[in-house]
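Reading the structure
Listed below are the residues making up each chain.
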Amino acid sequence: KQEVTQIPAALSVPEGENLVLNCSFTDSAIYNLQWFRQDPGKGLTSLLLIQSSQREQTSGRLNASLDKSSGRSTLYIAASQPGDSATYLCAVPYNNAGNMLTFGGGTRLMVKP
Amino acid sequence: DAGVTQSPTHLIKTRGQQVTLRCSPKSGHDTVSWYQQALGQGPQFIFQYYEEEERQRGNFPDRFSGHQFPNYSSELNVNALLLGDSALYLCASSQFGTGSEAFFGQGTRLTVV
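Residues numbered from 1 in each chain as written. Chains lettered and ligands numbered in written order. Predicted model: local features only at pLDDT ≥ 70, side-chain atom pairs only at ≥ 80, totals over all residues. Heavy atoms only, no water.

**A look at the sheet that holds strand S1 (residues 5-7) of chain B**
All names here are of chain B. We count it as follows: A strand pair is defined by DSSP finding two or more bridges across the two strands. Helix and strand assignments come from DSSP, with helices taken as H or I runs of at least 4 residues and strands as E runs of at least 2, each series counted from the N terminus. Think of each axis as a best-fit line through the C-alpha atoms, taken over the contacting stretch in the case of a helix, with angles from 0 to 180 degrees between the N-to-C directions.
Ordered in space as S1-S3-S8-S7, the four strands form an open sheet in which the pairing is antiparallel. The strands lining the two open edges of the sheet, one partner per strand, are S1 and strand S7 (64-68). Taking each pair of neighbouring strands and ignoring which way they run, the sheet shows an average axis angle of 20°. Pairing analysis gives three bridges linking S1 to strand S3 (residues 19-24), with the strands arranged antiparallel. Counterpart to Ser 7 in the pairing with S3 is Arg 22.

Here's what the structure looks like:
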């Protein structure tokens, strides 16, 4: 059974810092990994989708890497801003079939002005 | 493109009652998945619908059922509501098959009293 863990559970940083969020998964036979952002009480916004054949994806100040062999992914946020404050979730396919997702518990990020 | 839309936004029900939540997928998507997210946790997969059939199911009791209509929209029904069913219910749409990106709606907040 696939399990996903995110560390740290919560993070508070001053504005402008570069930061790294971690995601680990137990079954390395995944075909993609997706990072999401969730604002309080809201739905999920897709940030980045990394296919198993890729090692990283970039979107603006966000960069996500994937190391299947070690069962790890990182989300790098450059020059953090107060507007980046949210919960960040990573997800991998539920049972490596179809596109149902297994999520980590999320990292709650607070960027202080 | 309106994206994934869910209704209602908020709902309060009494224990033992039944509830129906609705989801319209993103244009061009044919697959709908439902998730339950308890406060402070990552979303948990309930089930997925494609071609009007339930294709995959997570670890949820039969009180949770669903339906998909010919226009790809979907309903989630929960019978005999328990206090523990209080959560944010999220709908995700995608194109059927592995590797496709999932897009989420804003969620329905269900409170059972």
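Text resumes after the structure shown.
**Some details on the pattern of salt bridges**
Residues and elements named next belong to chain B. The line we're drawing: The salt bridge criterion pairs a side-chain nitrogen of Lys or Arg with a carboxyl oxygen of Asp or Glu, the two atoms within 4 Å.
Counting across every chain of the model gives six salt bridges over all chains. A salt bridge links Arg 63 to Asp 85, with the nearest nitrogen and oxygen atoms 2.9 Å apart. Placement of Arg 63 in the loop between strand S6 (53-57) and S7 and of Asp 85 in the loop between strand S8 (74-78) and strand S9 (87-94) is noted, with a sequence separation of 22 residues between them.

**Re the interface of chain B and chain A**
Note the following rule: Note on definitions: a residue-residue contact is assigned when non-hydrogen atoms from the two residues lie within 4.5 Å. Buried area is calculated as the accessible area (1.4 Å probe) missing from two parts once they are joined, with the contributions of both summed. Two N or O atoms form a polar contact when they lie within 3.5 Å of each other; inside protein one atom must be a possible hydrogen donor and the other a possible acceptor, and for residues adjacent in sequence the pair counts only when both atoms belong to side chains. Lys, Arg, Asp and Glu make up the charged group, whereas Ala, Val, Leu, Ile, Met, Phe, Trp, Tyr, Cys and Pro make up the nonpolar group; the residues left over, Gly among them, are polar.
At the interface, 27 residues of chain B touch 22 residues of chain A. Summed over both partners, the interface of chain B with chain A buries about 1,800 Å², with 54% contributed by carbon and sulfur atoms. When the buried area of chain B at its contact with chain A is split by residue, B:Gly99, B:Glu101 and B:Phe104 rank highest and sum to 24% of it. Seen at the junction of chain B and chain A, the total is zero salt bridges. At the boundary of chain B and chain A, one finds five residue pairs in polar contact (both at pLDDT 80 or more). Looking at the side of chain B that touches chain A, the elements with two or more residues in it are strand S4 (31-37), strand S5 (44-50), S6 and S9 of chain B. Looking at the side of chain B that touches chain A, its residues break down into seven nonpolar, 17 polar and three charged.

**Considerations on the state of the cysteines**
Residue and element names in this part refer to chain A. What counts is decided by this rule: When two cysteine sulfur atoms lie within 2.5 Å, the pair is treated as a disulfide. Whether a residue is buried, partly exposed or exposed follows from its accessible area with a 1.4 Å probe, protein chains only, as a fraction of its type maximum: under 20%, in between, or over 50%, in that order.
Per the counting criterion, the structure on display carries two disulfides over all chains. For Cys 23, the disulfide goes to Cys 90, at an S-S distance of 2.0 Å. Taking the torsion about the S-S bond as the criterion, the Cys 23 to Cys 90 disulfide, at about 80°, is right-handed. Placement of Cys 23 in strand S3 (residues 19-25) and of Cys 90 in strand S9 (residues 86-93) is noted, with a sequence separation of 67 residues between them. For the pair formed by Cys 23 and Cys 90, the shared burial category is buried.

**Some words on the layout of surface pockets**
Our working definition: Whether a set of points on the 1 Å grid over the protein atoms alone is a cavity depends on a 1.4 Å probe fitting there but being unable to get out, while an open set qualifies as a pocket with protein on both sides within 12 Å along at least five of seven lines; lining residues are those with an atom within 4 Å of a point. Grid points are joined across faces, edges and corners, and a volume is the space filled by probe spheres set on the points.
Taken as a whole, the largest pocket spans an internal volume of roughly 420 Å³. Along the walls of the largest pocket sit 22 residues, with A:Gln38, A:Thr87, A:Arg108, B:Gln37 and B:Gly40 positioned nearest its centre. Counting residues per element, the ones that place at least two in the lining of the largest pocket are S9 and strand S11 (107-112) of chain A. Residue classes in the lining of the largest pocket are distributed as eight nonpolar, 10 polar and four charged.

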